[in-house]
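Here are the chains, one letter per residue:
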Amino acid sequence: LGSDMDSLGKRIRNAEMQKIPYMVVIGDKEVESGNLSVRSYKTTEQVEINKEEWIAGLVEEVRERRL
(Lines give C-alpha, C1' and ligand atoms only; values in the text may rest on other atoms or scores of the structure.)
Protein backbone atom coordinates (compact mmCIF):
# COMPACT_ATOMS: atom_id res chain seq x y z
CA LEU A 1 0.00 0.00 0.00
CA GLY A 2 1.76 3.13 -1.20
CA SER A 3 5.37 3.61 -2.08
CA ASP A 4 8.33 3.72 0.28
CA MET A 5 8.41 7.50 -0.26
CA ASP A 6 4.91 8.02 1.20
CA SER A 7 4.79 9.07 4.84
CA LEU A 8 3.18 6.73 7.36
CA GLY A 9 0.32 9.20 7.81
CA LYS A 10 -0.35 9.25 4.07
CA ARG A 11 -0.36 5.45 3.91
CA ILE A 12 -2.81 5.31 6.84
CA ARG A 13 -5.13 7.87 5.20
CA ASN A 14 -5.01 5.92 1.91
CA ALA A 15 -5.88 2.68 3.72
CA GLU A 16 -8.79 4.38 5.50
CA MET A 17 -10.13 5.76 2.21
CA GLN A 18 -9.89 2.27 0.68
CA LYS A 19 -11.74 0.83 3.71
CA ILE A 20 -9.01 -1.73 4.38
CA PRO A 21 -10.24 -3.75 7.41
CA TYR A 22 -6.95 -3.75 9.35
CA MET A 23 -3.73 -1.80 9.21
CA VAL A 24 -0.75 -3.40 10.91
CA VAL A 25 2.32 -1.36 11.79
CA ILE A 26 5.54 -3.24 12.44
CA GLY A 27 8.43 -1.00 13.44
CA ASP A 28 11.47 -1.40 15.65
CA LYS A 29 9.35 -1.22 18.82
CA GLU A 30 7.04 -3.98 17.60
CA VAL A 31 9.93 -6.20 16.52
CA GLU A 32 11.52 -5.84 19.97
CA SER A 33 8.30 -6.56 21.87
CA GLY A 34 6.92 -9.27 19.58
CA ASN A 35 3.64 -7.34 19.41
CA LEU A 36 1.81 -5.65 16.56
CA SER A 37 0.22 -2.24 16.40
CA VAL A 38 -3.17 -2.90 14.76
CA ARG A 39 -5.76 -0.34 13.68
CA SER A 40 -9.29 -1.50 12.82
CA TYR A 41 -11.30 0.28 10.13
CA LYS A 42 -14.58 -0.53 11.90
CA THR A 43 -13.65 0.88 15.31
CA THR A 44 -10.83 3.24 14.23
CA GLU A 45 -9.03 2.31 17.45
CA GLN A 46 -5.40 1.30 17.50
CA VAL A 47 -4.26 -1.43 19.87
CA GLU A 48 -1.02 -3.18 20.62
CA ILE A 49 -1.51 -6.94 20.63
CA ASN A 50 0.60 -10.08 20.67
CA LYS A 51 1.08 -11.26 17.09
CA GLU A 52 -0.03 -14.84 17.82
CA GLU A 53 -3.22 -13.64 19.54
CA TRP A 54 -4.06 -11.30 16.66
CA ILE A 55 -3.49 -13.98 14.03
CA ALA A 56 -5.66 -16.44 15.98
CA GLY A 57 -8.42 -13.82 16.25
CA LEU A 58 -8.18 -13.03 12.55
CA VAL A 59 -8.38 -16.72 11.62
CA GLU A 60 -11.50 -17.00 13.80
CA GLU A 61 -13.07 -13.96 12.09
CA VAL A 62 -12.45 -15.53 8.70
CA ARG A 63 -13.77 -18.89 9.91
CA GLU A 64 -16.97 -17.22 11.16
CA ARG A 65 -17.13 -14.97 8.07
CA ARG A 66 -17.32 -11.82 10.19
CA LEU A 67 -15.05 -9.76 7.90
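These figures come from a predicted structure and were not determined experimentally.

### Digging into the sheet that holds strand β3 (residues 46-50)
Sheet architecture is open: three strands sit in the order β1-β2-β3, paired in antiparallel fashion. Either end of the sheet is taken by a strand with one partner, and the two such strands are β1 (22-25) and β3. Neighbour-to-neighbour, the strand axes of this sheet turn through a mean angle of 30°, independent of strand direction. With respect to the sheet, helix α3 (residues 51-63) is in contact with β1, β2 (35-40) and β3, its orientation differing from that of β3 by roughly 105°.

### Remarks on the pattern of salt bridges
What the rule picks out here adds up to four salt bridges. Across the pair E16 and R39 runs a salt bridge, and its minimum N-O distance is 3.4 Å. Here the residue E16 occupies a position in helix α1 (residues 8-17), and R39 occupies one in strand β2, the gap between them amounting to 23 residues. R39 gets classed as partly exposed once you look at its relative accessible area, which sits at 22%. Here R63 makes a salt bridge to E60, at a shortest N to O gap of 3.1 Å. Here E60 and R63 lie together in helix α3, a separation of three residues that amounts to about one turn. Its relative accessible area of 29% is what places E60 among the partly exposed residues.

The rules behind these values
Residues numbered from 1 in each chain as written. Predicted model: local features only at pLDDT ≥ 70, side-chain atom pairs only at ≥ 80, totals over all residues. Heavy atoms only, no water. Pairing = 2+ DSSP bridges. Helix = DSSP H or I, 4+ residues; strand = E, 2+ residues; numbered from the N terminus. Axes fitted to C-alpha atoms, helices over the stretch in contact; angles between N-to-C directions. Contact = heavy atoms within 4.5 Å. Salt bridge = Lys/Arg side-chain N within 4 Å of Asp/Glu carboxyl O. Buried < 20%, exposed > 50% of the residue type's maximum accessible area, 1.4 Å probe, protein only.

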